[in-house]
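A closer look at the structure
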Amino acid sequence: MSSKVQAVRGMHDILPEETPLWRRVESILADTLRAHGYREIRLPVVEKTELFKRSIGEVTDIVEKEMYTFEDKSGESLTLRPEGTAGCVRALIEQGLLRNPVHRLWYLGPMFRHERPQKGRFRQFHQLGVEAFGLPGPDVDAELILLTRRWFRQLGIENQLELQLNCLGSQIERQAYRQELVAYFGSFERVLDEDSQRRLKTNPLRILDSKNPAMQELIAGAPKLLDYLGESSLAHFQGLTSILQDCGVRFTINPRLVRGLDYYCLTVFEWVAQGGGSQGTVCAGGRYDTLVEQLGGRPTPAVGFALGMERLISLLTASPLARSGELPPHLYLIRAGAEGERNGWLLAEWLRDRLPNLHLIVHLGGGSLKNQFKKADKSGAWYAVIVGEDEAARGVVGLKALRADEPQQTLSREQLVAFLQKKFSF
Ligand code: ATP
Ligand code: MG
């Protein structure tokens, strides 16, 4: 036997037992987005490497060590997207869509990061991203957070999640803060881990985002960015928190929340699952008012977030949404003899034309009646419908209940449709 080829480490199959839950969750998320006026955009999985370097920032975990970058056959450097915002902004600029001032958009798809695989951390994972362009005020920040709260309510997990907020201010405000931070961490340089020592010189704010438990105490004692913000940033933050309070959204202010990407300003937020450790963040985002201009578009304020689908789904394994697996088929079609086989195909097509929601499995691969009945039983179907030589000649079908004690019936095609309509309320 040849050796087996395995999937790439950290990249997972989502099996047929799991896909019904994924589909249900995706449809709840998409319906809520539509109800808030957000429209879907579908974007390429591969972009030019430069796009991510220019947007996410050179001195970030993602760009420094997590990107799947390769040269294609023409020697161009391309990257499997590690996140969706950069591609979304690129598309808006390239397609001239920013002539309309306001866009509310969402997308769903795989993202790729070369991280150490562990629970809740994969190399291919899925994000649902939501982005709003052209709205500068805290009202849209609040709208996004209210939308996420509605999702978590609908999914029954609102109580398992904590909303954390922070305000990153403007670039100028962060510069002043940066100096304080360098002075603070600089005085502890010997106890900083290797990453933080490097970041002290390149991007000290990023130290606050460290996942290393050994660094947490030092980080907790660091100066707080909120203390360095000016009036207008504070007014934005105040605007957001007062809408949230009015709408009864509970949150905590986390002054160390800086997020792992360079493009954020003002509002940043995360929904964190209790007890999830450093993989606890299910949903995260913030405002990025300078990114569009930085990527060559007209200045456009923007705010967005991404929901990690695998982390969300893992919170739902005990939910009723997960318990109701795929519904069983209504019918399993069994055929015997040459005429029965032919007639069975016609019957199946005829039924599908009339009952578009009928869940009908056609037995394939032949075999004895006994074997076909066994397969029918195993499929979980409610009824077996039988077309043999005799039924084919008489223009009728046999119908046998597989889950109840009902006598076998012989029905015309029309009677079968009427029976199914009544039984399953089609
Ligand atoms: P983390 O702090 O967990 O590394 P991040 O700050 O890198 O996350 P973002 O880039 O903001 O995450 O991505 C938004 C969301 O996408 C995260 O909150 C998480 O739910 C999910 N996510 C990010 N990286 C991964 C991954 N490697 N595997 C699974 N989900 C991920
Ligand atoms: Mg990360």
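First things first, this report covers the structure right here in the doc. (Residues numbered from 1 in each chain as written. Chains lettered and ligands numbered in written order. Predicted model: local features only at pLDDT ≥ 70, side-chain atom pairs only at ≥ 80, totals over all residues. Heavy atoms only, no water.)

Moving on to a positive patch on the surface. Taken together, Lys370, Lys374, Lys375 and Lys378 make up a surface patch of like positive charges. In this structure, Lys378 sits in helix H14 (residues 369-378). For Lys378, a relative accessible area of 75% corresponds to the exposed category. (Patch = residues over 30% accessible without salt bridge, like charges linked within 9 Å, V, L, I, M, F, W, Y side chains within 5 Å. Areas by Shrake-Rupley, 256 points an atom, 1.4 Å probe, with all protein chains shown as cover. Salt bridge = Lys/Arg side-chain N within 4 Å of Asp/Glu carboxyl O. Lys, Arg positive; Asp, Glu negative; His and termini not counted. Charge placed at Lys NZ, Arg CZ, Asp CG, Glu CD. Helix = DSSP H or I, 4+ residues; strand = E, 2+ residues; numbered from the N terminus. Buried < 20%, exposed > 50% of the residue type's maximum accessible area, 1.4 Å probe, protein only.)

Pairing of side chains with opposite charge becomes possible as their charged atoms draw close. Under the defined criterion, the tally for this structure stands at 23 salt bridges. One salt bridge in this structure joins Arg198 and Asp195, with 2.7 Å as the shortest N-O distance. With Arg198 and Asp195 both in helix H7 (residues 194-202) and three residues apart, the pair spans about one turn of that helix. Linked by salt bridges that have partners in common, Asp61, Glu64, Lys65, Asp195, Arg198 and Arg199 make up one network.

In this section: the site of ligand 1. The full set close to ligand 1 counts 17 residues, and Arg113, Glu115, Arg121, Lys211 and Arg259 are the nearest of them. A distance of 2.7 Å is found between an oxygen atom of ligand 1 and a side-chain nitrogen or oxygen belonging to Lys211. A distance of 2.9 Å separates an oxygen atom of ligand 1 from a polar atom in the backbone of Thr281. Relative to its free-state accessible area of 580 Å², ligand 1 is covered by the protein chains to the extent of 94%. (Near = heavy atom within 4 Å. Polar contact = N/O pair within 3.5 Å; in protein donor to acceptor, adjacent residues only side chain to side chain.)

Attention now moves to the packing of helix H13 (residues 337-354) against helix H16 (residues 413-424). Where H13 meets H16, the axes come as close as 11 Å, and the angle between the chain directions of the two elements is 45°. Of the possible angle classes, the one that applies to H13 and H16 is oblique. Of the two possible hands of crossing, H13 and H16 adopt the one that is right-handed. From H13, Leu346, Leu347, Trp350, Leu351 and Arg354 reach across to H16, where they touch Arg413, Glu414, Leu416, Val417 and Leu420. Broken down by class, the residue content of the contact of H13 with H16 amounts to seven nonpolar, no polar and three charged. (Axes fitted to C-alpha atoms, helices over the stretch in contact; angles between N-to-C directions. Parallel < 35°, antiparallel > 145°, perpendicular 65-115°, else oblique. Left-handed = near helix turned anticlockwise from the far one by under 90°. Contact = heavy atoms within 4.5 Å. Nonpolar A, V, L, I, M, F, W, Y, C, P; charged D, E, K, R; others polar.)

In this section: the nonpolar core. For soluble globular proteins, nonpolar side chains are generally found buried alongside one another. Core analysis: the largest hydrophobic core is formed by 91 residues, its most contacted members being Trp151, Phe185, Leu307 and Leu312. Ranked by residue count, the leading element in this core is helix H5 (residues 138-154), at seven residues. Apart from the residues within four sequence positions on either side, Phe185 is in contact with Leu192, Leu200, Ile207, Leu208, Leu218, Ile219 and Ala222. Among the nonpolar cores identified, the runner-up in size contains 23 residues, and Leu333, Trp350, Ala392 and Leu399 belong to it. (Core = buried A, V, L, I, M, F, W, Y, C linked by side-chain atoms within 4.5 Å.)

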